[in-house]
Amino acid sequence: MIRKLFDDIYYVGACDKSKPLFENLFPLPEGMRYNSYLIKDAKTALLDTADESVREDFLHNIEQALDGCKLDYLVIHHVEPDHSALVGELLARHTETQIVTSATALKFLTQFSGNDYSSRAVIVKEGDVLSLGEHSLKFIAAPMVHWPEVLVSYDEKSGTLFSADAFGAFGADLGGITIYALENVENWAAEARRYYSNIVGKFGNNVAELLKKASVLKINRICPLHGQIFDTSVDYALKKYSQWSSYTPENEGALIVYGSMYGNTKRAADLLAAELSDKGMSVKIVDVSHTDVSYIVADSFVYRNLIFASPTYYGSLYPPIERLLSRLKKTGLCGRKIAFIENGTWCATAAKLMKEQLDGLKCDFSLPPVSIKSTLDSKSKAALKDLAEALLKAE
Ligand code: FEO
């Protein structure tokens, strides 16, 4: 289905509602949207293609939106195959079309496709402008948001920022194509945060650099390559990205993540949660064995205090906790207070191992760990109360 966004700017993207995993890694309970835009001015420009999985809908949408017009330009902001898989087929159908992209993107495109498109390419860089008639796209370099070749572009006439992966979200339908009500904004935030923290989170400085460049623009509309389009609430999206890219917590409370084989470590996590919430702290408690890592990484961007509880397992960490911490470390998360609860029947080492696994994150690890021998006793219960007091005092 095509949608008119503004005068002669059309949405021509498509949804895959049945794909289970994005990048064969991240769960997609609500599917995935691959966005693409067509500007029909004196010159026509298609902004990015889409994923192979939506080939049929996407190609149909373009032909419907073009309605017999020739396609002058294919602007490629980002070469990752979820946006470039259909470049070859599009160029074969439209032999008149020139690619407009960065030099690095053209190189990557050749690597992925095995084709040399240089004779059909116009190379652009930061500050260059592609004039289409009344619309003109000004290119802004956005390296590592989320690959090195990425460009975003800004159309001054409509005040539209075509933001590539930035401001993207998981989910095919979080309340329609455009964001128009607070409820939808919050739905967007949950899946945009999960997308951001797991896929772009490591590149906070690069995102901050892009936001700085965007701050001088009058942005009426944000058109990302995934998820919903912002034609209201632009400031909300910019604020969220500012928070996430600077690793600023959105909640001063605590996220407690536990792994538990027989319920003993879970009971410790529950006791700490009760101590904290009874005294007014906002708490979220998560069983690592029943929650995909990507959701816990996203929650870790939300909360100021993070508590990880793990049994000692096979002389190491409980495997789901180990996987989580490995992923979390890669995000470069900083500015959090992090505490540990370990459990072990004869040689508890989980707290030490958890701390080692997060070594290098600029977080506060100063709170003493709580150690449990098999199950809670008066000593470990008292240590949990002390941990709760220390977290509350720091609030
Ligand atoms: Fe949506 Fe980095 O690709």
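Residues numbered from 1 in each chain as written. Predicted model: local features only at pLDDT ≥ 70, side-chain atom pairs only at ≥ 80, totals over all residues. Heavy atoms only, no water.

A. Inspection of the sheet that holds strand β11 (residues 121–123) at higher detail. Taken in spatial order, the seven strands line up as β1-β2-β7-β8-β9-β10-β11 in an open sheet, and their pairing is mixed. The open sheet has two free edges, formed respectively by β1 (3–6) and β11, since each of these has just one partner strand. Here the strands of the sheet are splayed against their neighbours by 25 degrees on average, with no regard to which way each runs. In terms of strand pairing, strand β9 (residues 73–75) meets strand β10 (residues 98–101) through three bridges, oriented parallel. Looking across to β10, one finds that L74 is bridged to I99. Its contacts with the sheet put helix α1 (residues 55–66) on β7 (37–40) and β8 (44–47), and the angle it makes with β7 is roughly 15 degrees. (Pairing = 2+ DSSP bridges. Helix = DSSP H or I, 4+ residues; strand = E, 2+ residues; numbered from the N terminus. Axes fitted to C-alpha atoms, helices over the stretch in contact; angles between N-to-C directions. Contact = heavy atoms within 4.5 Å.)

B. Broad picture of the pairing of strand β14 (residues 151–155). Counting buried positions along β14 gives five out of five residues, so the element sits mostly inside the fold. Residues L151, S153 and D155 line one face of β14 and the alternating positions V152 and Y154 line the opposite face, and both faces are buried. Pairing of strand β13 (residues 136–141) with β14, which is carried by five bridges, proceeds in the antiparallel orientation. Across the sheet, the residue bridging to F139 is S153, located in β14. Of the pairings in the sheet, the one linking β14 to strand β15 (residues 160–164) comprises three bridges and is antiparallel in character. (Buried < 20%, exposed > 50% of the residue type's maximum accessible area, 1.4 Å probe, protein only.)

C. Fine view of the side chain of N198. Inspection of the secondary structure assignment puts N198 in helix α5 (residues 182–200). At 3.5 Å, the side chain of N198 and the side chain of S197 are in polar contact. (Polar contact = N/O pair within 3.5 Å; in protein donor to acceptor, adjacent residues only side chain to side chain.)

D. The arrangement of the pattern of salt bridges in detail. On inspection of all chains with the given rule, the structure shows 19 salt bridges. We note a salt bridge from K337 to D364, for which the minimum N-O separation is 2.7 Å. Placement of K337 in strand β23 (residues 337–343) and of D364 in the loop between α11 (350–357) and β24 (370–372) is noted, with a sequence separation of 27 residues between them. For K337, a relative accessible area of 16% puts it in the buried group. Here K352 and E356 are joined by a salt bridge, their closest N and O atoms 3.2 Å apart. Remark: E356 and K352 occur in helix α11; sequence separation between them is four residues, near one turn of the helix. A network of salt bridges, in which partner residues are shared, links E275, K279, K385 and E389. (Salt bridge = Lys/Arg side-chain N within 4 Å of Asp/Glu carboxyl O.)

E. Layout of unusual backbone geometry. The omega torsion of the bond from V145 to H146 falls at 15 degrees, within 30 degrees of zero and hence cis. Position of H146 among the secondary structure elements: in the loop between β13 and β14. Notably, Y314 is not glycine yet its phi reads approximately 60 degrees, a positive angle. Within the secondary structure, Y314 is located in the loop between β21 (303–313) and β22 (316–317).

F. Quick look at the packing of aromatic side chains. In total, this model carries 20 aromatic pairs according to the counting rule given. Centroid distance F112 to W147: 6.0 Å. Interplanar angle 10 degrees. Geometry classified as stacked. Placement of the pair is F112 in helix α4 (residues 103–113) and W147 in the loop between β13 and β14, with a sequence separation of 35 residues. F112 sits in the partly exposed class, given a relative accessible area of 47%. Ring centres of F340 and F365 lie 6.2 Å apart, and the angle between their planes is 10 degrees; this geometry places the pair in the stacked category. One end of the pair, F340, is in strand β23; the other, F365, is in the loop between α11 and β24, with 25 residues separating them in the sequence. For the pair formed by F340 and F365, the shared burial category is buried. The positively charged end of R194 is found above the aromatic ring belonging to Y295, 4.2 Å away from the centroid. (Phe/Tyr/Trp six-rings, centres within 6.5 Å; stacked < 30°, edge-to-face > 60°. Lys NZ or Arg CZ within 6 Å of the ring centre and 35° of its normal.)

G. Inspection of helix α10 (residues 319–330) at higher detail. Compared with the 16 Å implied by 1.5 Å per residue over twelve residues, the 17 Å span of α10 between its first and last C-alpha is a close match. Along α10, the positions that sit buried rather than exposed are P320, I321, L324, L325 and L328. One side of α10 holds all its buried residues, which, seen down the axis, span an arc of 130 degrees. In α10, the exposed positions angled more than 90 degrees off the buried face are occupied by R323 and K330. (Expected span 1.5 Å × (residues − 1). Arc of directions from axis to C-beta.)

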